[in-house]
Amino acid sequence: MGTEIRDTEGRGATLKVTPGTAEGPLRVGLRVEGASVHASWSCSPAAARELAAALVAAAAEAENARSAEPVTVKARELLRGDVRDGDRLMTVEAVRTDGANVQVTWTSGGGRSWSQVYEADAGIPLRRRLRPGT
């Protein structure tokens, strides 16, 4: 299975990622195949994880840059995956309603988690709103 990618001129190719062989040093294989390109690389598992983390961060940044104007929702309407508008990346991990209050567990871009309690009607500004079913 591969992932479709495009170059800056719009030409498509497929990126395939494979685990290395059981013999020899630990490697992860990367292959780009398309009508105008055929290339193969390999890297260590640690470098593959760094690449994956960089891709996730760049994807989040691209989505955030393209999102519409920030929206404000009531705390009780927050959904897992909603991203708070502000200086630091904060993503909703969990929401628990307890009567007139809502406990929201946030996760930072650095992987830290914490919980905060809000009044259910409190307005929470979001940079990116999770769309149901995504």
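It should be noted that the structure appears before, not after, this text.
Residues numbered from 1 in each chain as written. Predicted model: local features only at pLDDT ≥ 70, side-chain atom pairs only at ≥ 80, totals over all residues. Heavy atoms only, no water.

Details of the overall build of the protein chain
Moving on, step 1. Within the protein chain, the regular secondary structure consists of one helix and ten strands.
Moving on, step 2. Mapped in sequence order, the helices and strands of the protein chain form the string β-β-β-β-α-β-β-β-β-β-β.
Moving on, step 3. Residue burial in the protein chain is summarised as follows: out of 134 residues, 21% are buried.
Moving on, step 4. Here the contacts in the protein chain between residues at least 6 apart in sequence split such that 33% fall between residues at least 24 apart.
Moving on, step 5. Surface accessibility of the protein chain: about 9,600 Å² in total, with carbon and sulfur atoms responsible for 53%. (Helix = DSSP H or I, 4+ residues; strand = E, 2+ residues; numbered from the N terminus. Buried < 20%, exposed > 50% of the residue type's maximum accessible area, 1.4 Å probe, protein only. Contact = heavy atoms within 4.5 Å. Areas by Shrake-Rupley, 256 points an atom, 1.4 Å probe, with all protein chains shown as cover.)

Observations concerning the environment of Leu78
Moving on, step 1. If you trace the backbone, Leu78 turns up in the loop between strand S5 (71-74) and strand S6 (83-84).
Moving on, step 2. It is 7.5 Å that separates the C-alpha atoms of Leu78 and Val92, two residues lying 14 residues apart in sequence.

Comments concerning the side chain of Thr105
Moving on, step 1. As for its position among the elements, Thr105 is in strand S8 (residues 101-108).
Moving on, step 2. A distance of 3.0 Å separates the side chain of Thr105 from the side chain of Ser115, its partner in a polar contact.
Moving on, step 3. Among all residues touching Thr105, those that are not within four sequence positions of it are Thr91, Val92, Glu93, Ala94, Trp114 and Ser115. (Polar contact = N/O pair within 3.5 Å; in protein donor to acceptor, adjacent residues only side chain to side chain.)

Observations regarding the pattern of salt bridges
Moving on, step 1. One pass over the full model with this rule turns up seven salt bridges.
Moving on, step 2. Here Asp7 makes a salt bridge to Arg11, at a shortest N to O gap of 2.9 Å.
Moving on, step 3. Between Arg76 and Asp121 there is a salt bridge, with the nearest N and O atoms lying 2.2 Å from each other. Here Arg76, found in the loop between S5 and S6, pairs with Asp121, found in the loop between strand S9 (113-119) and strand S10 (123-128); they are 45 residues apart in sequence, far enough to count as distant.
Moving on, step 4. Take Asp121: its relative accessible area is 48%, and that puts it in the partly exposed class. (Salt bridge = Lys/Arg side-chain N within 4 Å of Asp/Glu carboxyl O.)

As for the sheet that holds strand S3 (residues 28-34)
Moving on, step 1. Taken in spatial order, the four strands make up an open sheet running S1-S2-S3-S4, and their pairing is antiparallel. The sheet terminates laterally at strand S1 (3-6) and strand S4 (38-43), the two strands that pair on one side only. If you compare each strand with its neighbour and ignore which way they point, the axes differ by 25° on average.
Moving on, step 2. As paired strands, strand S2 (residues 12-19) and S3 are joined by seven bridges and run antiparallel to one another. (Pairing = 2+ DSSP bridges. Axes fitted to C-alpha atoms, helices over the stretch in contact; angles between N-to-C directions.)

As for the nonpolar core
Moving on, step 1. Among the nonpolar cores identified, the biggest contains twelve residues, and these are Val73, Ala75, Leu78, Met90, Val92, Val102, Val104, Trp106, Tyr118, Ala120, Ile124 and Leu126.
Moving on, step 2. Listing elements by their share of this core, those giving two or more residues are strand S7 (90-98), S8 and S10.
Moving on, step 3. Looking at which element gives the most residues to this core, the answer is S8, with three residues.
Moving on, step 4. Setting aside residues no more than four positions away along its own chain, Trp106 makes contact with Arg84, Met90, Thr91, Val92, Glu93, Arg112, Ser113, Trp114, Gln116, Tyr118 and Ile124. (Core = buried A, V, L, I, M, F, W, Y, C linked by side-chain atoms within 4.5 Å.)

Points about the environment of Leu89
Moving on, step 1. Along the chain, Leu89 turns up in the loop between S6 and S7.
Moving on, step 2. Separated by 38 residues in the primary sequence, Leu89 and Arg127 have C-alpha atoms spaced 9.2 Å apart.

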